[in-house]
Amino acid sequence: MSKEKARASAWFRHLRDDIVAAFEGLEDSQTEGPLADVPAGRFEVSETRRASADGSDAGGGLMSVMRGGRVFEKVGVNVSTVFGTLGERAQAAMAARKGLAGMKDDPRFWASGISLVAHMQNPHAPAVHMNTRMFWTPHGWWFGGGSDLNPCIEYQEDTEHFHAVQKAHCDRHDPTFYPRFKAWADEYFHIPHRHRARGVGGIFLDDHNTGDWEADFAFIQDVGRAFLPAFVPLTERRRKMSWSEADRDTQLVHRGLYAEYNLVYDRGTKFGLETGHDANAVLMSLPPLAKWY
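Report on the accompanying structure.

To continue, consider the side chain of Asp247. Here Asp247 shows up in helix α7 (residues 245–264). For the buried Asp247, no salt bridge is present, and the opposite-charge side chain at shortest range is Arg248, 11 Å distant. In this structure, Asp247 is in contact with Pro123, His124 and Ile153, ignoring residues within four places of it in sequence.

Here you go:
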């Protein structure tokens, strides 16, 4: 499956490049509104490297973070391709979730993906998360990921647009995908200890393997392609709106929910830290400022 791995890794990098260019374009075009007089934001790009227990190369990627821009207060777009041997805890989790009993005998893995989280300057502009990935072991492969919207001040038309774009891209492949993966997102992005969702949902999938790699790869590509047309129009609609101190307070409190979720429940955060990936890259999703009462 080496060719398939290479194609997936190259796609995630291509998607990263498209998103970074689009976001810097949004910064350049913000010529009016509350923060139009600050310098347009630019991504700071750094390589991430991962080493095995014996010090040998175990992959890495690119961490791209923009801070203090006109539109984005903080946004990170990371790509990585990592490989190695799963530790005992990760083996047990994988075996329990996937029923891969052979993991103990051959715990090798390979994973590649893109992960994005954007926290906005304007409280009226929604925060957003997107992640797509491919995972391989000698015992099976699968795709996962999705995208969900996290407004602190919800606008129903924004929610409807975001979901409509997700549905259209899912429907190209299977009409059952959107309702199934929307319901999965509603369950996955729920914060049990707060008895509420962290946002207005989107789609989420994991362990996706229909047995047809080409079809599944085409689908995960469309999950990624849906992101910009789902999110950018909402940013363009809200980024020039004026806001109050009360709006900012609402934003910071909502970010607290986001931080709690990512630190306590998020699978990607747990996997990244347990497999020794760069901690700064793994925790890129955390907001620059948050508030708790």
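Take the layout of surface pockets next. Computed from the structure, the largest pocket encloses a volume of approximately 1100 Å³. What lines the largest pocket is a set of 48 residues, among which Arg267, Gly268, Thr269, Phe271 and Gly272 lie closest to the centre. Element by element, the count of residues in the lining of the largest pocket is highest for helix α8 (residues 267–274), at seven residues.

Aromatic rings considered in pairs are described by the distance between their centres and by the relative angle of their planes. For the coordinates displayed, the defined rule picks out 21 aromatic pairs. Taken together, a centroid distance of 6.4 Å and an interplanar angle of 40° make the contact between Phe181 and Trp184 tilted. In this pair, Phe181 and Trp184 are both assigned in helix α4 (residues 177–188), three residues apart and thus about one turn of the helix distant. Classification of Phe181 by relative accessible area gives buried; the value is 1%. Over the ring of Trp136 we find Lys5; its NZ or CZ atom is 3.6 Å from the centre of that ring.

Definitions and limits used
Residues numbered from 1 in each chain as written. Predicted model: local features only at pLDDT ≥ 70, side-chain atom pairs only at ≥ 80, totals over all residues. Heavy atoms only, no water. Helix = DSSP H or I, 4+ residues; strand = E, 2+ residues; numbered from the N terminus. Buried < 20%, exposed > 50% of the residue type's maximum accessible area, 1.4 Å probe, protein only. Lys, Arg positive; Asp, Glu negative; His and termini not counted. Salt bridge = Lys/Arg side-chain N within 4 Å of Asp/Glu carboxyl O. Contact = heavy atoms within 4.5 Å. 1 Å grid on protein atoms, 1.4 Å probe; cavity = no way out; pocket = protein on both sides within 12 Å on 5 of 7 lines; lining within 4 Å. Points joined across faces, edges and corners; volume = space filled by probe spheres on them. Phe/Tyr/Trp six-rings, centres within 6.5 Å; stacked < 30°, edge-to-face > 60°. Lys NZ or Arg CZ within 6 Å of the ring centre and 35° of its normal.

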